[in-house]
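# Chain and residue survey
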Amino acid sequence: MSRKYRIAVVPGDGIGKETVPEGLRVLDAAARRFGFELELAHYDWSCETYAQTGRMMPEDGIEQLRQSDSIFLGAVGWPGVPDHVSLWGLLIPIRREFDQYISLRPCKLMPGAKTPLANRTPAEIDFYVVRENTEGEYSSSGGKMFAGTEREFVTQDAVFTRKGVDRVMKYAFELAMTRPRRKLTSATKSNGITFTMPYWDERFAEMAKSYPDVTTDQFHIDILCAHFVQHPDWFDVVVGSNLFGDILSDLGPAVAGSIGIAPSANINPEKAHPSMFEPVHGSAPDIAGKHICNPIGQIWSGAMMLEHLGEKQAADAITRSIETLLAEGGPRTRDMGGQANTSDVGKALAEAVAAA
Ligand code: NAI
Ligand code: MG
């Protein structure tokens, strides 16, 4: 019996409707080539749904998604619906309900992509940012007192649980073990934040004892940001709290060049719940509907999804095809200096995967 995975497909808004079909085209080629089956369930949840029904997804939306092995998402957000409404109506509930406590982003300079950093080559920018995705600084603990008076004050507690800290660190160490350099960097700020960050450092040092083969170091977040720009070659895997990881996971893809090719994953490593795979970019209203957007971020996200599902060979075939296409002057979209349209790129990659 062939391996079969149930995928919930949510194109969402704007260019998500253009990139997701190309992602599916390449996933389909990979499934045929590597002998597994994808059973797709399509959901048209978007800002259009919101305009019609007042909700981004139906009341039982989470229950519907729960049946799937993974969620393949395009982008969410469109002018006319406030971003916090679209975000909290769809993306955030999925991340929280499914305990997707890892946010994972490769930051890899692809051949033919232009980094804003001078004279850097693909060999020098190739690392992962692992962000804690459920607690830390982004907590719902805190409040406002004496509002409108002279004594007015607000607090927001940073919440670091041993469980939450240890599990993201364990994931990062395990990821480092799969990489040739076996190096892990921790983002901290224990000089200024004197309870939670020393605790973060303590758990990092404790976890490091179980991974003697991994080289570790740590930097305060401010200088770490500078190092991302000045010494991207120092990094292999970088782990950060929710806030620090948020900052680094935008900075990382930025040093690697085009937003159109950057992928991301929201992972529940235990597979107790579905994980979600989506490009880093948003719905790009400025170019939506013109079929000129770059589908590579979506397609690479599909590769991350296959790797999570255990189809490593197929995932590698997709990422290798992307590298070959970019290195050998295959079709590329305008953001990368070409003239190709969205499906030219998708078709070329599907063919390359079929022939892998
Ligand atoms: P954006 O990523 O949609 O666009 C930023 C710029 O990058 C635009 O000039 C766009 O044309 C370009 N771009 C983005 N993706 C591209 C691609 N695949 N190929 C070529 N060019 C590409 O970010 P923006 O404009 O800040 O947000 C637009 C909407 O998307 C907002 O509603 C925002 O909330 C939403 N958004 C959703 C995200 C998600 O679903 N996870 C992430 C980021 C933004
Ligand atoms: Mg961000």
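Residues numbered from 1 in each chain as written. Chains lettered and ligands numbered in written order. Predicted model: local features only at pLDDT ≥ 70, side-chain atom pairs only at ≥ 80, totals over all residues.

The name given to the protein in an unreviewed UniProt entry is D-malate dehydrogenase [decarboxylating], and the organism recorded there is Pseudoroseomonas cervicalis ATCC 49957. Recorded under Sequence similarities (unreviewed entry), the UniProt text for the protein is reproduced unchanged: "Belongs to the isocitrate and isopropylmalate dehydrogenases family." Reading the Function (unreviewed entry) entry of the UniProt record for the protein gives the comment "Has multiple catalytic activities. Apart from catalyzing the oxidation of (+)-tartrate to oxaloglycolate, also converts meso-tartrate to D-glycerate and catalyzes the oxidative decarboxylation of D-malate to pyruvate." (UniProt positions renumbered as here; feature names shortened; annotations may be inferred.)

## A short note on the overall build of the protein
From N to C terminus, the protein includes 11 helices and 12 strands. Relative to the globule expectation of 21 Å for 356 residues, the C-alpha radius of gyration of the protein, 21 Å, shows essentially globular dimensions. With the principal axes as the frame, the protein shows a C-alpha extent of 60 × 50 × 45 Å. Taking all 356 residues of the protein together, 46% fall into the buried category. Within the protein, residue pairs in contact and separated by at least 24 positions form 77% of the contacts whose partners lie at least 6 positions apart. (Helix = DSSP H or I, 4+ residues; strand = E, 2+ residues; numbered from the N terminus. Rg over C-alpha atoms; globule rule 2.2 N^0.38 Å. Buried ≥ 20, exposed ≤ 12 C-beta atoms within 10 Å, placed from the backbone. Contact = placed C-beta atoms within 7 Å.)

## Observations regarding the UniProt feature "domain: Isopropylmalate dehydrogenase-like" (unreviewed entry) in the protein
The residues that UniProt annotates with the feature "domain: Isopropylmalate dehydrogenase-like" (unreviewed entry) are residues 6–349. Between the end C-alpha atoms of residues 6–349 the distance is 23 Å, and the span holds 40% helix and 20% strand.

## Here's the deal with the sheet that holds strand E11 (residues 263–267)
Pairing is mixed in the open sheet, where 10 strands are placed in the order E2-E1-E3-E12-E11-E4-E5-E10-E8-E9. If you trace the sheet from one side to the other, it starts and ends with strand E2 (36–42) and strand E9 (215–220), each paired once. The sheet shows a mean angle of 25° between the axes of neighbouring strands, direction not considered. As judged from the five bridges shared by strand E1 (residues 3–12) and strand E3 (residues 70–75), these two strands associate in the parallel manner. When the bridges of E3 are listed, Val 10 appears paired with Leu 73. Across the sheet, helix H9 (residues 296–309) is in contact with E1, E3, E11 and strand E12 (275–279); its angle to E12 comes to roughly 160°. (Pairing = 2+ DSSP bridges. Axes fitted to C-alpha atoms, helices over the stretch in contact; angles between N-to-C directions.)

## Digging into the pairing of E2
Bridge count between E1 and E2: seven bridges; the pairing is parallel. Opposite Val 9, over in E2, you have His 42 as the bridge partner.

## Focus on the site of ligand 1
Lining the immediate surroundings of ligand 1 are 21 residues, of which Gly 77, Gly 260, His 281, Gly 282 and Asn 294 lie closest. Looking at the shell around ligand 1 residue by residue, the classes come out as 10 nonpolar, seven polar and four charged. (Near = placed C-beta within 6 Å. Nonpolar A, V, L, I, M, F, W, Y, C, P; charged D, E, K, R; others polar.)

## A look at the domain arrangement of the protein
Segmenting the protein into domains produces domain 1 (1–100 + 277–355) and domain 2 (115–256). Put simply, the middle of domain 1 and the middle of domain 2, counted by C-alpha atoms, are 26 Å apart. (Domains from an automatic or database assignment.)

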